[in-house]
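# Examining the three-dimensional arrangement
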Amino acid sequence: MPRRYHIETFGCQMNVHDSERLAALLEADGYERAEGPEGADLVVLNTCAVREKAEEKVFSRIGELRAPGMGPTLVAVAGCLAQQAGAGIFARTRGVDIVVGTRAARRLPLLAEEARRSGRRQADVSRGEVSPFPPRLVRRSDPVKAYVTVIEGCNEACAFCVVPRTRGGERMRPVGEILAEAADALQSGRTEIHLLGQIVNRYRAPDDPACDFAELLARVDRLPGLRRIRFASPHPRHVSERLIEAMSALPRVCRHLHLPVQSGSNRVLAAMRRRHTREDYLALVAELRARVPGLHLSTDVIVGFPGEAEADFQDTLSLVEAVGYHSIFSFKYSERPGTLAAAGLRDDVPDAEKARRLATLQARQGAIQSMLLGAAVGTTVEVLVEGTSRRRVTEMTGRTSGNTVVNFPGDPAWVGAIVPVTIERAGPHSLWGRVEALTAESRTPTL
Ligand code: SF4
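Here we summarise the structure given alongside this text. (Residues numbered from 1 in each chain as written. Predicted model: local features only at pLDDT ≥ 70, side-chain atom pairs only at ≥ 80, totals over all residues.)

## What to know about the overall build of the chain
As a reminder, the rule being used: Helix numbers and strand numbers start at the N terminus; a helix is a DSSP run of H or I with at least 4 residues, a strand a run of E with at least 2. Two things to know: the radius of gyration comes from C-alpha atoms, and the globule rule equals 2.2 Å times the number of residues to the power 0.38. Whether two residues are in contact is decided by their C-beta atoms, placed from the backbone, lying within 7 Å.
Helices and strands together make up the secondary structure of the chain, namely 14 helices and 19 strands. In terms of C-alpha radius of gyration, the chain reaches 22 Å, essentially the compact-globule figure of 22 Å for 447 residues. Along the first, second and third principal axes, the C-alpha set of the chain runs to 65 × 55 × 50 Å. In the chain, the share of contacts with a sequence separation of at least 24, taken over all contacts with a separation of at least 6, comes to 74%.

Structure (structure tokens):
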């Protein structure tokens, strides 16, 4: 009987895509996908180490998986937490059989085989050479959007971030490989390509010096079958004139940019080693808004970074108001082992104060978001249909080019098509509307 695997993903889009590649590797090795952990021979937890909370979730999930009756034969921890904590995970729990770091992920089938054969725990978290996933080997989990990695690793040194340590320095993929993978995804019926990189806009093709990130967007934009391109995440200090021009000129590049700011205070930005100032960031936002009409912005914010005083936090609030983000991901600072902040800065903002700042920020953002979403009522927007709504089977869900979720009565046959939706109602995080009539632009792809 074939062995069966199940993968659970924590963290960012990069991890979601790594899970798709791990799934393909396991299937190439003869595994079949299980519907859930029950009855799977191998359960893989593909983890995140960016925040303490994500780490806690992984350990509590391991406990659940080892509860009586669950019984996967092997449990593997992969991803950033595995790379960072290494065999230390074995010391913390008896529930794990395999630890495989981001740099050796493609060795997972071999490690599983060895663990099964020897009955001994296996770990590979080498800090040496990265062993990349085989190109074009991916089991895509979404019928509409396809993630394509363009850069792995990061050369920045943000003080709070563990990624340069877990994923290593920047490595660019050849442009030919990226375009081939995107073309495969489009041929299989996907219509939206998400280009991924820790700092995606640093891209420069190793096999074609003329191809920077703006040129890569232009080449992807020309691929047949494509409806939309998104990318994540750019670093504000690497947004070039050429990138702004490409965003404004290329019709299929979405009118949404996730532009991490982290703080609105120059003092905190310097302590975070972000290498941009509040003024640089606001000037960039003004330039983007002037050149890319209809652009929606989202961001990441950390509150309670070491040394953050009330005045610094007020700077963050005023920046969030000045920009008018459509959404933000906001977090309380938590010290992560192996980061520059953990080594050199005292985590001196009390947890209750961090919680107060987070609640204040989220309330302020909630009001901004309600105002922006409310302004969409009565307009007609183009929505790429992603699937059936989780709440109601009669309702479809999709996103605008600006990345706002829209729900509307519809037909599952529309998945993958762009439909015009007239907005009737706004909620705190999404919109509701109805499709008046399908336009000639709308089409129903075979998925
Ligand atoms: S840019 Fe900063 S936050 Fe982003 S991955 Fe690199 S070090 Fe981490």
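Right, picking up where we left off after that structure.
## Digging into the pairing of strand β1 (residues 4–9)
Cut-off, in case you're wondering: DSSP bridges decide pairing: two strands pair if at least two such bridges lie between them. Think of it like this: strands point away, you trace from the first strand over the helix to the second, and a clockwise trace means the crossover is right-handed.
Sheet topology note: the β1/strand β2 (residues 32–33) ladder contains two bridges and is parallel. Following the sheet pairing, Tyr5 is matched in β2 by Arg33. A crossover connection joins β1 to the parallel β2 through helix α1 (residues 13–28); in handedness this β-α-β unit is right-handed. The sheet contact formed by β1 and strand β3 (residues 42–47) spans five bridges and is parallel. Across the sheet, residue Glu8 finds its bridge partner in β3, namely Leu45.

## Overview of helix α14 (residues 351–374)
It helps to recall that an α-helix has 3.6 residues per turn; residues three or four apart then point in one direction. Definition in use: Between the first and last residue of a helix there are one fewer steps than residues, each counted as 1.5 Å, and that sum is the expected span. Counting other C-beta atoms within 10 Å of a residue's C-beta gives its exposure: the residue is buried at 20 or more, exposed at 12 or fewer, and partly exposed in between, where C-beta atoms are placed from the backbone.
Taking 1.5 Å per residue, 24 residues should reach 34 Å; α14 reaches 34 Å between its end C-alpha atoms and fits that length. All of the buried residues along α14 are Lys354, Arg357, Gln365, Gln369 and Leu373.

## Let's talk about the site of the ligand
Rules: Nearness here is judged by the C-beta atom: place it from the backbone, and if it falls within 6 Å of a molecule or strand, the residue counts as near that partner. Charged residues are taken to be Asp, Glu, Lys and Arg, nonpolar residues to be Ala, Val, Leu, Ile, Met, Phe, Trp, Tyr, Cys and Pro, and polar residues to be all remaining types, Gly included.
Taken together, Cys154, Glu156, Cys158, Cys161, Val163, Pro164, Gln198, Ile199 and His235 form the complete shell of residues around the ligand. For the shell around the ligand, the per-class residue count stands at six nonpolar, two polar and one charged.

## Brief notes about unusual backbone geometry
Geometrically, the link from Ala232 to Ser233 is a cis peptide bond, its omega value of -15° lying close to zero. Positive phi, normally seen in glycine, also occurs at Gln262, with a value near 75°. Within the secondary structure, Gln262 sits in the loop between β12 (256–258) and α10 (266–272). For Gln262, a count of 24 C-beta atoms within 10 Å puts it in the buried group. A positive phi angle, close to 60°, is found at Arg273, a residue other than glycine. For Arg273, the position within the fold is in the loop between α10 and α11 (278–291).

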